[in-house]
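So you can see what is in the structure, the chains are spelled out below.
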Amino acid sequence: MLAGIETLFNLKFEDRRKVWILGTVFFLAGVSEMVNYTSFMSIFNSRVGTQSLPMMYLIEAFVLPLEGWFFSFLSQRLSKPRFMISLYTLFILIGVMNGGVLLAFQWFGWQWDGFYFLLFLTSNFVVRQQTLLMWSTAFDLCPTQQAKRVMPIFVLSAIIGGIVAGILSNKLAPIIGSDVLYILASVFLLLGLPNFLIALKQFLIPLTFKGNLEAEQHTSSMAFYLKETLRSPFLLTVIGIMTFMPAIYFLMEYQYFTVAQSVFHTEAQLTSFYGFMVILLFCAAFLLQLFAAKLIDRLGASNTIFAITLIFLGCFSLVAMFIEAEFALTFVSIGYSLTYLLLYYFAEPGYQFFFKMLPIQHRDGFRYLAQGIAASVGILLGSALSMLHSEALLSLPEQALLGAFMSVLLLVLAWIGRHLYIKELVRYLKVSGSAVKDFLNELLESMKNDHVRQTLVEQLNSPSETVQMLTIELFLSHPDPAVTNSLVQLAERSSERIRTLALDAIHPEGWRTLNPKRQETFLTDQEASVRAAAFRKLFSDRNLIGDKHRWIQTARSDVSPVVQVEALRVMEESEQLGADLRRLLGEGGESAILACEVIAERGLQEFYFDVMMCMLDPTPVVKMTAVRTIGKIGGHEAATNLTELLVGADMELRTAIEQALIDIGTLALPELTRFIPSTNDEIWRTAVTVVNAIGSDKDIQNLIVPSCVKKLLELQANHEYVRKIQAAGREEWTQLAHRRSDELTLSLLDTIWTVMIRFGDERTIPQIRQAVEDQDEEVRDHGLEILSEGLGNPKLASALLTFYQRNPYLVGVDGGHSVPSQTVKTAVDLSVTVTDPWLQAIAIKAGVAEGEWELVNNWEYLSALDKIVLLKQVPLFEEIPIEELGRVASIAKEKVYQEGEYLIKQGNPGASLFVIVEGNVEISGMNDDGIEGTISIMGPKQSVGEAALFDDRPSLVSAQVIFDYVKVLEIEGKETARLVRLYPNIGIGLLRSVGNRLRTMEHMVLKLG
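Quick caveat: nothing in here was measured; it's all calculated off a predicted structure.

So, how was this worked out
Residues numbered from 1 in each chain as written. Predicted model: local features only at pLDDT ≥ 70, side-chain atom pairs only at ≥ 80, totals over all residues. Heavy atoms only, no water. Helix = DSSP H or I, 4+ residues; strand = E, 2+ residues; numbered from the N terminus. Buried < 20%, exposed > 50% of the residue type's maximum accessible area, 1.4 Å probe, protein only. Contact = heavy atoms within 4.5 Å. Polar contact = N/O pair within 3.5 Å; in protein donor to acceptor, adjacent residues only side chain to side chain. Phe/Tyr/Trp six-rings, centres within 6.5 Å; stacked < 30°, edge-to-face > 60°. Disulfide = S-S within 2.5 Å. Patch = residues over 30% accessible without salt bridge, like charges linked within 9 Å, V, L, I, M, F, W, Y side chains within 5 Å. Areas by Shrake-Rupley, 256 points an atom, 1.4 Å probe, with all protein chains shown as cover. Salt bridge = Lys/Arg side-chain N within 4 Å of Asp/Glu carboxyl O. Lys, Arg positive; Asp, Glu negative; His and termini not counted. Charge placed at Lys NZ, Arg CZ, Asp CG, Glu CD. pLDDT = per-residue confidence, 0-100. Axes fitted to C-alpha atoms, helices over the stretch in contact; angles between N-to-C directions. Parallel < 35°, antiparallel > 145°, perpendicular 65-115°, else oblique. Nonpolar A, V, L, I, M, F, W, Y, C, P; charged D, E, K, R; others polar. Core = buried A, V, L, I, M, F, W, Y, C linked by side-chain atoms within 4.5 Å. Expected span 1.5 Å × (residues − 1). Pairing = 2+ DSSP bridges. Left-handed = near helix turned anticlockwise from the far one by under 90°.

**Student:** Before we go on, may I ask you to explain the overall build of the chain in this structure?
**Tutor:** Broken down by element type, the chain carries 43 helices and six strands. Burial status across the chain gives 56% buried among its 1009 residues. Counting contacts in the chain only where the partners sit at least 6 residues apart, residues at least 24 apart contribute 76% of the total.

**Student:** What am I meant to see in the environment of Ala555 here?
**Tutor:** The residue Ala555 is located in helix α23 (residues 548–556) in this model. The spacing of Ala555 and Glu566 is eleven residues in sequence and 7.0 Å in space, taken between C-alpha atoms. Ignoring sequence-local partners within four residues, the contact set of Ala555 consists of Phe535, Phe539, Val563, Gln564 and Ala567.

**Student:** Can you walk me through the side chain of Arg499 in this structure?
**Tutor:** Structurally, Arg499 is set in helix α19 (residues 496–505). Judged by its relative accessible area of 12%, Arg499 falls in the buried class. There is a polar contact of 2.7 Å between the side chain of Arg499 and the backbone oxygen of Ala491. Not counting chain neighbours up to four residues away, the residues in contact with Arg499 comprise Leu490, Ala491, Ser494, Asp525, Glu527 and Val530.

**Student:** Is there a simple way to explain the packing of aromatic side chains in this structure?
**Tutor:** Given two aromatic rings, their pairing is described by the distance between the two centres and the angle made by the two planes. A complete count under the given rule lists 24 aromatic pairs for this structure. Ring plane angle 75 degrees and centroid distance 5.4 Å describe the contact between Phe105 and Phe115, whose orientation is recorded as edge-to-face. Highlighted residues: Phe105 in helix α4 (residues 80–108) and Phe115 in helix α5 (residues 113–141), separated in sequence by ten residues. No difference in accessibility class separates Phe105 from Phe115, as the two residues are buried. Geometrically, the ring pair formed by Tyr608 and Phe609 is edge-to-face, given 5.2 Å between the ring centres and 85 degrees between the ring planes. Joined through ring pairs, the aromatic side chains of Tyr37, Phe40, Phe44, Phe117 and Phe120 make up one cluster.

**Student:** How should I be thinking about the state of the cysteines in this particular structure?
**Tutor:** A covalent bond bridging the sulfur atoms of two cysteines is what the word disulfide describes. Counting across every chain of the model gives zero disulfides. There is no disulfide at Cys596, and the cysteine sulfur nearest it, in Cys614, is 4.4 Å away.

**Student:** Got a minute to help me understand the side chain of Ser337 in this structure?
**Tutor:** Tracing the backbone shows Ser337 in helix α12 (residues 328–355). Taking relative accessible area as the criterion, Ser337 reaches 11% and is therefore assigned buried. If we skip the residues at most four places from it in the chain, Ser337 touches Met277 and Leu281.

**Student:** Can you walk me through helix α29 (residues 636–645) in this structure?
**Tutor:** Residue pairs three or four apart in sequence face the same way in an α-helix, which turns once every 3.6 residues. Buried residues of α29: Ala638, Ala639, Thr640, Asn641, Leu642 and Thr643, and no others. Looking at the buried positions of α29, the neighbouring elements they touch are α27 (608–613), α28 (620–633), α30 (651–664) and α31 (669–675).

**Student:** Help me understand a negative patch on the surface in this model?
**Tutor:** On the surface, a cluster of negative charge is made up of Glu777, Glu778, Asp781 and Glu785. By secondary structure assignment, the location of Asp781 is in helix α36 (residues 777–788).

**Student:** I keep staring at the confidence of the model for the chain and nothing clicks. Help me out?
**Tutor:** One rule of thumb: low pLDDT means the predicted coordinates there are not for detailed reading. Considering every residue of the chain, the mean pLDDT works out to 79; 82% of them sit at 70 or more. The low-confidence segment residues 429–442 (pLDDT under 50) makes 23 contacts with residues lying over four places distant or belonging to another chain. Counting contacts from residues 811–832, a segment whose pLDDT is below 50, to residues more than four positions away or on other chains yields 29 contacts.

**Student:** Sorry if this is basic, but what is going on with the packing of helix α33 (residues 697–727) against helix α37 (residues 794–806) here?
**Tutor:** Between two packed helices, both the angle of their axes relative to each other and the distance between the axes serve to describe the pair. Two elements in contact, α33 and α37, have axes whose closest approach is 9 Å; the angle formed by their N-to-C orientations is 10 degrees. As judged from the angle between their axes, α33 and α37 are roughly parallel. Residues Val705, Pro706, Cys708, Val709, Leu712, Leu715, Gln716 and His719 of α33 form the contact with α37, whose participating residues are Lys795, Leu796, Ala799, Leu800, Phe803 and Arg806. Residue composition of the contact of α33 with α37, by class: ten nonpolar, two polar and two charged.

**Student:** Is there a simple way to explain the environment of Glu743 in this structure?
**Tutor:** Mapped onto the elements of the fold, Glu743 is located in helix α34 (residues 731–759). With a relative accessible area of 15%, Glu743 lands in the buried category. Each C-alpha atom of the pair Glu743 and Glu883 lies 9.1 Å from the other, and the pair is 140 residues apart in sequence. If near-sequence neighbours (up to four positions away) are discounted, Glu743 is found in contact with Lys872, Ile880, Pro881, Ile882 and Glu883.

**Student:** Got a minute to help me understand a nonpolar patch on the surface in this structure?
**Tutor:** Residues Leu310, Ile311, Ile334 and Leu338 make up a contiguous nonpolar surface patch of roughly 300 Å² in combined accessible area. Among the elements of the structure, α11 (301–322) and α12 are those that each provide at least two residues to the nonpolar patch. Within the secondary structure, Ile311 is located in helix α11. Accessibility expressed as a relative area gives 36% for Ile311, which makes it partly exposed.

**Student:** Could you clarify how one ought to interpret the pattern of salt bridges in this entry?
**Tutor:** Two side chains with opposite charge may pair up if their charged atoms get near one another. Summed over the entire model, instances satisfying the criterion amount to 28 salt bridges. Residue Glu743 pairs with Arg739 through a salt bridge whose shortest N-O separation is 3.3 Å. Remark: Arg739 and Glu743 occur in helix α34; sequence separation between them is four residues, near one turn of the helix. With relative accessibility at 26%, the residue Arg739 sits in the partly exposed group. One network of salt bridges, with partners in common, ties together Asp504, Arg536, Glu566, Arg569 and Glu601.

**Student:** How should the nonpolar core be read in this particular structure?
**Tutor:** Across soluble globular proteins, nonpolar side chains have a tendency to be buried as a group. The biggest cluster of nonpolar side chains holds 150 residues, and the ones touching the most others in it are Trp753, Leu787, Leu796, Leu800 and Phe877. Those residues in contact with Trp753 that sit more than four places away from it in its chain are Ile765, Ile768, Arg769, Val772, Glu773, Leu787, Leu800 and Tyr804. Membership of the second largest hydrophobic core comes to 83 residues, among which are Leu53, Ala173, Ala185 and Val259.

**Student:** Sorry if this is basic, but what is going on with α37 here?
**Tutor:** When the terminal C-alpha atoms of α37 are compared, their 18 Å separation across 13 residues agrees well with the 18 Å that a helix rising 1.5 Å per residue should span. When α37 is considered as a whole, its buried residues turn out to be Leu796, Ala797, Ala799, Leu800, Leu801, Phe803 and Tyr804. On its buried face, α37 is in contact with α33, α34, α35 (764–772) and α36. If you check the start of α37, you find a side-chain oxygen 3.1 Å away from the backbone N of Lys795, and it comes from Asn793.

**Student:** Where do I start with the pairing of strand β4 (residues 932–938) in this structure?
**Tutor:** The two faces of the sheet receive side chains in turn, since in a regular strand these alternate between them. Bridge count between strand β3 (residues 912–926) and β4: six bridges; the pairing is antiparallel. Paired with Ser924 across the bridge in β4 is Thr934. What sits between the antiparallel neighbours β3 and β4 is a turn of five residues, in which Gly930 has the positive phi angle 85 degrees.

**Student:** Honestly, the packing of helix α18 (residues 484–493) against α19 in this entry has me stumped. Any pointers?
**Tutor:** Taken N-terminus to C-terminus, the directions of α18 and α19 make an angle of 155 degrees; their axes are 8 Å apart at the nearest point. Relative to α19, the element α18 is oriented roughly antiparallel. The hand of the α18/α19 crossing is left-handed. Residues Leu487, Leu490 and Ala491 of α18 lie in contact with α19, whose contacting residues are Ile498, Arg499, Ala502, Leu503 and Ala505. Looking at side-chain class alone, the contact of α18 with α19 contains seven nonpolar, no polar and one charged residues.

**Student:** Sorry, what's going on with the pairing of strand β6 (residues 958–972) here?
**Tutor:** As paired elements, strand β1 (residues 893–898) and β6 share six bridges and run antiparallel to each other. Residue pairing across strands places Lys895 opposite Val968, the latter belonging to β6. As paired elements, strand β2 (residues 902–904) and β6 share two bridges and run antiparallel to each other. Opposite Ile904, over in β6, you have Ala959 as the bridge partner. Pairing of β3 with β6 involves eleven bridges; the strand directions are antiparallel. By the bridge assignment for β6, Val921 is matched with Val961.

**Student:** Which parts of the structure should I look at to understand unusual backbone geometry?
**Tutor:** Residues other than glycine predominantly adopt negative phi, and peptide bonds predominantly adopt the trans conformation. Residues other than glycine seldom take positive phi values, yet Phe963 does so here, at roughly 60 degrees. Its location among the elements puts Phe963 in strand β6. Look at Asp964: it is not a glycine, yet its phi comes out positive at around 80 degrees. Secondary-structure assignment places Asp964 in strand β6. Overall, the relative accessible area of 48% leaves Asp964 in the partly exposed class.

Written out as structure tokens, the structure is:
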């Protein structure tokens, strides 16, 4: 059932907890709101009369600006969570106080007509602000795209709450009376308070921690918000829509109450009828909501508002036609129900999308200012329209026709707002860099708009290739036949990369409209990638039947494998296809990579062993592609072979295996289960990451969570172990032990917190981690407090809480480590609890652990440690993890060169990087005139030979040993290149080193000149 709901509403796994917590709040708030509304309206209408409604609306019109401005002011003075909690509590207190007065009137026989006016104003305030609070809470706690997924669930929860409220009102009003029913509204709101607080604590408070730029609290004056609003046509239009829509609704509400009161003459009958209407209203809303989620996601925010205005116009047209008919109450009730539902459950949430483009620290300021202005003017306008009938200036049919005319004006305003919203999205895309992804889907939904399309087409002519590529990628995701000509023109004049992308972005229908000669120009282009893109477009044409075989043969006979594989992608399975694929696999290099991609796309399982042979290819890229292909082929055997490759895999290969296992899916779970208890932390990380991605809730609870708890205990044991190494007083080994412990802590915590996201929220969980690792003690305490509440998985949260309480100062927090007050005087065997071989080897070197067993188990690590100590002192390698540095040390050859020998000789290509251990090396060069000069003298902990790693050309300089001898570590160039791919900082360091040499040579040239 849960899976069905997730499919129906397009929910993701991370939405579950938020839907459960906030969905309950929305349900109880929905019950409270409608019980409150039906009870206080029936009390007011029966004891005061509907003729007073226009006057009440008029009073509210003058109160609302003050209300909006006050809340806007208050929102900038209180923290976001405190402000929201204060509002929620205020709503409960107002209900309790008003209910107490009503019961006192009933019990003691008191009467004061003025109280009912106060009851109307305060209760309407609660209904109005409670709705706004619910929607703003949901939108502030959810990223935009998540909000689109979960908002229909929240709306549905509120609708079900409304149905329950209608049943309660209909059945209980005749029994307990409207006064007691009114108090029940506060009871339901009180029941939702615990979950409301949990939601704020888990999903909002982490966003307001110190250091989160997005949630910084800035104090801005009301004049600032008013000034910025007046400057923005978009915000002014939004306020206009927010004004007209409730004004028209109030007019419909007046007609509904007037007609209903003329039919039902007692308070009990009226309350019961209101309850019955609420049931019908929200049952209809429930059915509507089943497909509304996908409809809203398809239409977008602005189109949703526009569609609502069309329905408003239809409702008033219907009421105007049948207001004097025998069944007038039926038609007015339908019109009222639809306008109420659309205003409060669709339009109000839709408004929030307009404010999502504003910074969170200013969002409430603009929101409450807009709401205050719109509600005030809207109610003023609505009351004025209502008074046209109450003061006998217009009949009900004439008033309904006026409402239809106002709906037409609202429709025009919504159309203008739609275009301004699209324009705002385009502007946001151009100027914003922090949240573009959040609004990208909104932009894509609007790409069929002529203005948006024209704006994007203009970007194709931008002088910046980056802008061109971004625009082409938008058209790749949403192909449009209307921009075919612009993309073709770009493909005819730009660089190879842009031309290829432009052809890929052409819509299939657009490609078919091209002149055959123009198509052939691309099919015979001199650039292989352009020809390949043209063949891809050609083969995507479903109408290409008769000539398809001829074009396949043409592509197969092309000189470039890039083009050949386009034919292999669409060929029918045959011996020829198998022969071509095996030929490409046998060629190795790029051909093998392309063949693997075709095999992966087509899922050709018969090539499984052929692809496995590519694992023996010395080229890392071929090996990685083979791993990914095996993952796409899938199957239990593939999972077995891939998991076996984890043993001894480096980081690059391990990452590829991890993704391949995720692609295999649940078939890999039995194999992965074997590796979860692994003492090898890197293998454990891979197993947990994959199971976390593909496993069920039961798998995570039973396998992953206990394993994560155990790892946290191991990390604690590591920290204790490091303290004992530190107490031994060997500084070089202490530093290395701290470094290794820090690396393990950060990498394992990364994995454990990723598991926490499975139970929590992808936005707040990282913020909580940032808080518990913050330097500020108060911020850290806030984070620990949230963990203590059992956020996500209670067992894992408890283990994390214990770990962070014992280790408040982790690496990356203050850069330091706690120092024990005592020293270790005897050797301690902690190998049972400390499983990391590097820490064990370091402990042996430091003299903390000793014995033949430790030496046998750790001899590989012991032999590499001396080299690692040296390599860590070289700037190029100081950021590389010890695990990877151990691999470098294992292939680094220790050599000694005597005085006068060359490490690198000018004119010969260099193939290795040299790290100087002892001695000095002279870097020199000879010019075309035969004059030799010294460029620099290199000493210990410096590197030589970086320039040769970037190309195969002869070296321009020589590196010769001076002063007796030099001891070096020689690292093969291919291994260094691999490290550059994995760790960009090494590449930056190499470039910086080469740059320093160039500057030295420039200074020498200047001196010689």
